[in-house]
Amino acid sequence: MSNPKESMMHLWDLIATIWDMVRSGKRRAKEVARWLQVVKDDPEFMKRPRGMLVLLTKTQLSLAGATIFYKKHFGLTKDFSDLVVPRKPRGAYWLLVVAKGLTPMKVFARCKALGWNCVSPDRDLDDTIPRSDRKADKDYAIWVEATLEADENFEDKSYCDLEDLKIRGITLLERLLLGLQYNDETDGHLDGVGSTLCSGSKYDDGQVPIVRGFALTSFLAVTECDSSKSGYKLRSRAVVES
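All values reported here derive from a predicted model rather than from experimental measurement.

The mixed open sheet is built from five strands, whose spatial order is 2-8-7-5-9. A single partner strand is all that each edge strand has here, and the edge strands are strand 2 (117–119) and strand 9 (234–235). For strand 5 (residues 195–197) and strand 9, the ladder comprises two bridges, and the chain directions are parallel. Following the sheet pairing, S195 is matched in strand 9 by L234. Sitting on the sheet, helix 4 (residues 104–113) touches strand 2 and strand 8 (219–225), and the angle it makes with strand 2 is about 150°.

This is how it looks when you write it as structure tokens:
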């Protein structure tokens, strides 16, 4: 059994070394913080079988990152360590965690506060969207394919077409949040060429929300279209939910 005093000295030496590596740019502060958040949140961290630890850590890192994200952008103290996460599909996907009580207007306001050039229709984005496939009445998580532009498989597919195909599309809240999360991690923006049809939401007058961005000017626009409108640059993003 190791000497407790020696173990503590080793720990402090590691902390000091990692801190110096972060300050010198040899390690990314955000990634180090995510790993430490996993250790903090999971008391069984070191008891897990090595293979399972590797499998779980990627999701745990994303959940830990979500905790940091919500504290930074919305002042919320959240613990997502026990959040039910749907099974990840094969391929490259982003995990998006939606916190209870979040609304499109809150995310839109945060983007404006960051200095983005934000444009929206002359309507309340919260009060005029009575229908969304998922509501933030509780914390939940979804997977969204990791692509800058919306899914090319949905070219020329309108809201009505997607409904007929039973495609579970991204909501307005989720698309705004996804864009903020992507910018937080990369300083970039989604949908610089095309637009995301938020087919998981619908305004009270039957119109469907659209979101697009432009990286060079930090531009974010929320617009709308008729439920029958389609186009090769107007595409939805499918989500994977529990």
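Still more ground to cover, so stick around.
What follows concerns the side chain of D191. Position of D191 among the secondary structure elements: in the loop between helix 6 (172–186) and strand 5. Setting aside its immediate chain neighbours within four residues, D191 contacts L148, E149, A150, R175, T196, V211, R212, G213 and R237.

This paragraph deals with helix 6. The α-helix winds at 3.6 residues per turn, so residues separated by three or four positions along the chain end up facing the same way. Helix length check: helix 6 (15 residues) gives 21 Å between terminal C-alpha atoms against 21 Å at 1.5 Å per residue, within 8%. The buried fraction of helix 6 is high, at 13 of 15 residues. Taken from the residues just after helix 6, D187 is the one with a positive phi, measuring 70°.

Here we come to the pattern of salt bridges. A side chain of one charge can pair with a side chain of the opposite charge when the charged atoms of the two come close. One pass over the structure, following the stated rule, counts 13 salt bridges. The residue D205 makes a salt bridge to R123 at a minimum N-O spacing of 2.9 Å. On the criterion of sequence distance, the pair formed by D205 in the loop between strand 6 (201–202) and strand 7 (208–214) and R123 in the loop between strand 2 and strand 3 (131–132) is long-range, its members being 82 residues apart. For D205, a relative accessible area of 48% puts it in the partly exposed group.

Taken together, the three strands give an open sheet; going across it, the order is 1-4-10, and neighbouring strands pair in antiparallel fashion. A strand with exactly one partner marks an edge of an open sheet, and here the two such strands are strand 1 (93–98) and strand 10 (239–240). Pairing geometry for strand 4 (residues 140–145) and strand 10, over two bridges, is antiparallel. By the bridge assignment for strand 10, V144 is matched with V239. Its contacts with the sheet put helix 6 on strand 1, strand 4 and strand 10, and the angle it makes with strand 1 is roughly 115°.

A positive phi angle, near 60°, is found at D156, a position not held by glycine. With respect to the helices, strands and loops of the structure, D156 is situated in the loop between strand 4 and helix 5 (159–164). Positive phi values are uncommon outside glycine, yet D187 reaches one of about 70°. Along the chain, D187 turns up in the loop between helix 6 and strand 5.

So, how was this worked out
Residues numbered from 1 in each chain as written. Predicted model: local features only at pLDDT ≥ 70, side-chain atom pairs only at ≥ 80, totals over all residues. Heavy atoms only, no water. Pairing = 2+ DSSP bridges. Helix = DSSP H or I, 4+ residues; strand = E, 2+ residues; numbered from the N terminus. Contact = heavy atoms within 4.5 Å. Axes fitted to C-alpha atoms, helices over the stretch in contact; angles between N-to-C directions. Expected span 1.5 Å × (residues − 1). Buried < 20%, exposed > 50% of the residue type's maximum accessible area, 1.4 Å probe, protein only. Salt bridge = Lys/Arg side-chain N within 4 Å of Asp/Glu carboxyl O.

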